[in-house]
Amino acid sequence: MGKSLYYFLFLIWLCYLIVSSILLFTRGFLLTRVVHTNSSTCTPFSEIMCASREDFSISRSDKEVCSQDEKLFSFLKDNKITADVCLPPTARIVLLIVDALRYDFITFDETNKDPLPFQNRIPVISRLIKDHPDHTRVYKFIADPPTTTMQRIKGLTTGSLPTFIDAGSNFATSEINEDNIIDQMLHNNYKVVFMGDDTWNGLYPDRFIRNYPYPSFNVWDLDTVDNGVRTQLHQEINNTDWNLLIGHVLGVDHCGHRYGPNHPEMERKLGEINGLIEYIVEEIDETTMLFVIGDHGMTSTGDHGGESEDEVTAGFFLYSKQPLLNLGEKRDFIKQVDIVPTLATILGVPVPFQNLGILVLNCLPASVASLNIGSWRLALYYLWLNVNQVLNYITEYSKGANTFSQETLNTLHQRFSVLKAKLVSTDSEDNFLHISKNLMEFIWDIRKMCEDIWIQFDSFSMTRGLLLLFMTVFFTFIIGDGIPCQRISEIFTGSFMVFSYTVLFSVTACVLTLYYLEFIDNLLSVIFFATGVASQVILAVLVIQNWEIISLTWYSKANTERVSNLICRIVLIFNICGLFSNSYVIEESFVLLFLLVTIILIGAIGIKSSNKFDIKYKNNVVSVLKWSKLKLLLLATVIAMSVRISMYFWHCREEQQWCFANIHEVSSITAKLESTKLQWSIAVISLALFIFSTKEWLRNCGNLNGYSLTITIGKFVPTAIVVCIAGFWGLKQVPSNKGQLNSLKSLNILALTTYALILLGILVTIIKPLCIYIIPGQDSTSSTHSVPAIFKNIKSSLYEKDKVKDEIPVVCGLGTAYSSVYVIIGVYLSLLFALLLNEVIAPVTVIMFMTATFILITNSVLRVEKAKSVGELFDIPNISILIWIILAEYFFYASGHQPTFPNISWEAAFIGTSGIFTNNIILGTLIIINTFCSYILMGVLLPLLLIAPFTVLVMIPSLLGKKINDLQLDMIRGEVMLFEQDRLTFSSTFVLSCKYISGHGIRVLASMLAATIHCRHLMVWKIFAPKFIFESVGMFITLVSVMTGFLILIRINRSVERFIIKLNKLS
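One structure accompanies this document, and this report is about it. It should be emphasised that the depicted structure is a prediction, and the values quoted were computed from it without experimental measurement.

Re the environment of M977
Now for step 1: Topologically, M977 is positioned in helix α36 (residues 976–980).
Now for step 2: Remark: the alpha-carbon pair of M977 and G815, spanning 162 residues in sequence, is separated by 8.8 Å.

The following block contains the structure:
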């Protein structure tokens, strides 16, 4: 137990090094901009009087010595004064945000006689545009990626640009501390009412005079938020104490997530939006304007989060009962941040300090009742305010961060001076149209400059992360592949681990001291880097000290494993190189499918069939062996076909146009439709057969004999879980009354019962892992109860037919004591994955488990055929580890996932949690389990690569080829040999874990390099950055899973030890 702890400590150290390296790289690659807490301020126009025409300044005299037009013109001359003055509000605003309202949802095509569910469903907009062209505006409303709700709300209220890393905070809503239009309303004594998505509650707590939040994260709930907004809107619309009323409905977005846009439910939800708009238009007065906007769009599968055209193109509709300005050229689209200065201008508050939006002039009222000023001159002043605000922000931002060069700033100020000179000479509407275009171009150029600058990468942090991860993977592989297991055991039983951890803690203490003395600023990054460097030095010293042994080991392997190592290297190199190609990343699933099917077929063909097993059985064993080979080939064909069929469960990326029948339709592979009865039947039958086959295996192994708690639960609980899952899927398809929650409660009960049974089964299996039952012989007092004596008797019984068999006590399941635990835990995990993946994709969990089982069998037989001694079976070939990695990678795609944010299955978060759990950790955990289920299963079951040969030798001896009799007789003890040589078992499992982690680490390193090389690539944020993020998260999941699998092995070995001690006491 003590020795195994040292291995575990090294694995923890390895995990820390990998995680810290990735986080260091992330700090440089996924940068966030500097957020300023400055707020724009202004003095109301009505409170400012003229001092003199010659020396104009803000003062508050008793008399006004100039007209409003002259005072406005004087403001234009002094940009310092311009930024400090607010014109009066022109209207109240109803802001209706329809989540995921794609632009084509609001268009109306009269020629379309057979519209799809999302087409021609909001005719009120078309009618208002036709009847009141001077009172309405429609635009494509372009969002800045990432297209997640929280980031869009930030953009819609602050006018600032998001950064890519902000996508990760969509489920960890934090209060906005930068200047925004909500706070500006409060600072200027205006009132805001909110109703709808409770995300606003986290971003703007205690900001609204009345607040009606509704839970937003349950994508299965299409109506609660919408009905709540509709109810509250009826009560608030005629109140006069608010200046801004915000309603945020989610039904369209949730419908997209659950069903996709091409579903009858989308027709219903868009029809409700049409009715809501009609109601608001009828109820608002002359002083109120209606804005209907989408925060983002959705893909043809109903998802969002990326930067495809459908995701970033939302809809914008404006209706006002007073005429709107009609100046300059008509625009087809506006950026979402452009709404911020537009709303601020209408509401009479300062434009938020960090805004980069451009005022949309034609969305402003044509006249202001409280001001007797020409419309074009008023528009010019509004636009000049916008220019001053943006330039002030860039100037202030540059003071705190050396982001913009002084040359760039000088150029901007020179352009500003030229614009100011033109502004003063503007005396007609024609001149205004020319200068307004220049002013908008000025703001546009600044925004484009910020977009380019804010994706500048911190090359120092990225380099540190890359180097540390490379060195970690490099040294780990050398230690695992080059140092023999016996030598590793000697190293770890010495003082190596104590010395290493002492050095790491000392380095951490030094860094903390320097931070306390204020010599360093970024504590976490410095700790990561300092401990990483110290770790690499320690590992390098370890490698140098053992270099002679490593060289001899590699020389030996080069002679004995030449072909397999060559194949392994070729596959690994091509797999890694492919990650640098955007087309490979898009189509990687096909490559992995080809590799996996090839491995299955070649592995089965490569197994040799022998004519001799033992001379006594020559006459009857030959036919059995031939028949076994045939059965194995047939099984390989079935498994290969099943893996091939798993293509049915793939989800497609937006770039894979072959999935789509047209721009808005998805083929049956990717369509988000409710499951059919056939799919339900296939899923349930596959799970039932899966449980039956695993039970039969365990029963034949002798691990389901007896009545211990673990065995009893293993017999009955998996069947109960399948029944609960089947009931959950069946009940989910039953239409329910929208006014009742009985159906939802029943679904929750079934899902939570499934979770509880799975958790119970796993915990009991880990706490009491042995599935062993002793059947004593007649001579119960003899010494034959000791394990060595038992096996001695078993051996002798093979040759001594006349021995009284009743004298031999039977220990059922001891020969498969290790593997049975992993099989049982694997079954529970597979059932959990099936529930979270839903009934359409659930059969792939069975395919995944059975494919892994077949790989273990063929790999075990090939290794046994090649082995000359038992010790060779403790050395797992690199090709076997690579195959296990390919299994994890392929079934990530086969389980319906892609390394893109729109393909994340958010609905997994609400299986059993709807209306019960709102904790983001619980919901996020369910999503992670759903997304990375293959990584979890392969990581936890990784020790089976070591255990399986001993299992196969006991359970399927007919598959073995010609072997030395002594080896066969030694191996008949099965997995007991793992206990007898536990020192070798743990060192081999440790080496196996290090190599497996290194294999995944190489993929992460390649993804990091690809993202670095392609950081200016057109597809970096669409392909390479998401691929890096998914590989990194998969790496984290792999680390946790491998550690869990290693701990389970320690627990099993300890339990076997106690069992042996107990058994010997009986003798």
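Thoughts on the side chain of T710
Now for step 1: Examined against the element boundaries, T710 turns out to sit in helix α26 (residues 709–732).
Now for step 2: Residue class for T710 comes out buried when judged on its relative accessible area of 3%.
Now for step 3: At 2.5 Å, the side chain of T710 and the backbone oxygen of K768 are in polar contact.
Now for step 4: Not counting chain neighbours up to four residues away, the residues in contact with T710 comprise V764, T765, K768 and C771.

Looking at the environment of I775
Now for step 1: Here I775 lies in strand β11 (residues 773–775).
Now for step 2: Overall, I775 belongs to the partly exposed group, its relative accessible area being 39%.
Now for step 3: Separated by 69 residues in the primary sequence, I775 and G706 place their C-alpha atoms 9.4 Å from one another.

Section: the pattern of salt bridges
Now for step 1: The final tally for this structure, using the stated rule, is 27 salt bridges.
Now for step 2: Of the charged contacts, one joins R102 and D104 as a salt bridge, the two residues approaching to 2.8 Å between their closest N and O atoms. With respect to class, R102 is no different from D104; both count as buried.
Now for step 3: Between D223 and K269 there is a salt bridge whose closest N-O contact spans 2.9 Å. You can see D223 sitting in the loop between β6 (210–214) and α9 (224–236) and its partner K269 sitting in helix α11 (residues 264–283), a full 46 residues away along the chain.
Now for step 4: Assessed through its relative accessible area of 13%, D223 is described here as buried.
Now for step 5: Among the charged side chains, a salt-bridge network with shared partners connects D223, D226, R230, E265, R268, K269 and E272.

Some words on a nonpolar patch on the surface
Now for step 1: On the surface, L514, Y516, L517 and F519 cluster together into a nonpolar patch covering about 510 Å² of accessible area.
Now for step 2: Position of Y516 relative to the elements: it lies in helix α19 (residues 496–516).

Points about helix α31 (residues 878–894)
Now for step 1: For α31, with 17 residues, the first-to-last C-alpha span of 24 Å sits near the 24 Å given by 1.5 Å per residue.
Now for step 2: With 16 of its 17 residues buried, α31 lies for the most part within the structure.
Now for step 3: Of the residues one or two after α31, G896 is the one with positive phi, at around 85°.

Thresholds applied
- Residues numbered from 1 in each chain as written.
- Predicted model: local features only at pLDDT ≥ 70, side-chain atom pairs only at ≥ 80, totals over all residues.
- Heavy atoms only, no water.
- Helix = DSSP H or I, 4+ residues; strand = E, 2+ residues; numbered from the N terminus.
- Buried < 20%, exposed > 50% of the residue type's maximum accessible area, 1.4 Å probe, protein only.
- Polar contact = N/O pair within 3.5 Å; in protein donor to acceptor, adjacent residues only side chain to side chain.
- Contact = heavy atoms within 4.5 Å.
- Salt bridge = Lys/Arg side-chain N within 4 Å of Asp/Glu carboxyl O.
- Patch = residues over 30% accessible without salt bridge, like charges linked within 9 Å, V, L, I, M, F, W, Y side chains within 5 Å.
- Areas by Shrake-Rupley, 256 points an atom, 1.4 Å probe, with all protein chains shown as cover.
- Expected span 1.5 Å × (residues − 1).

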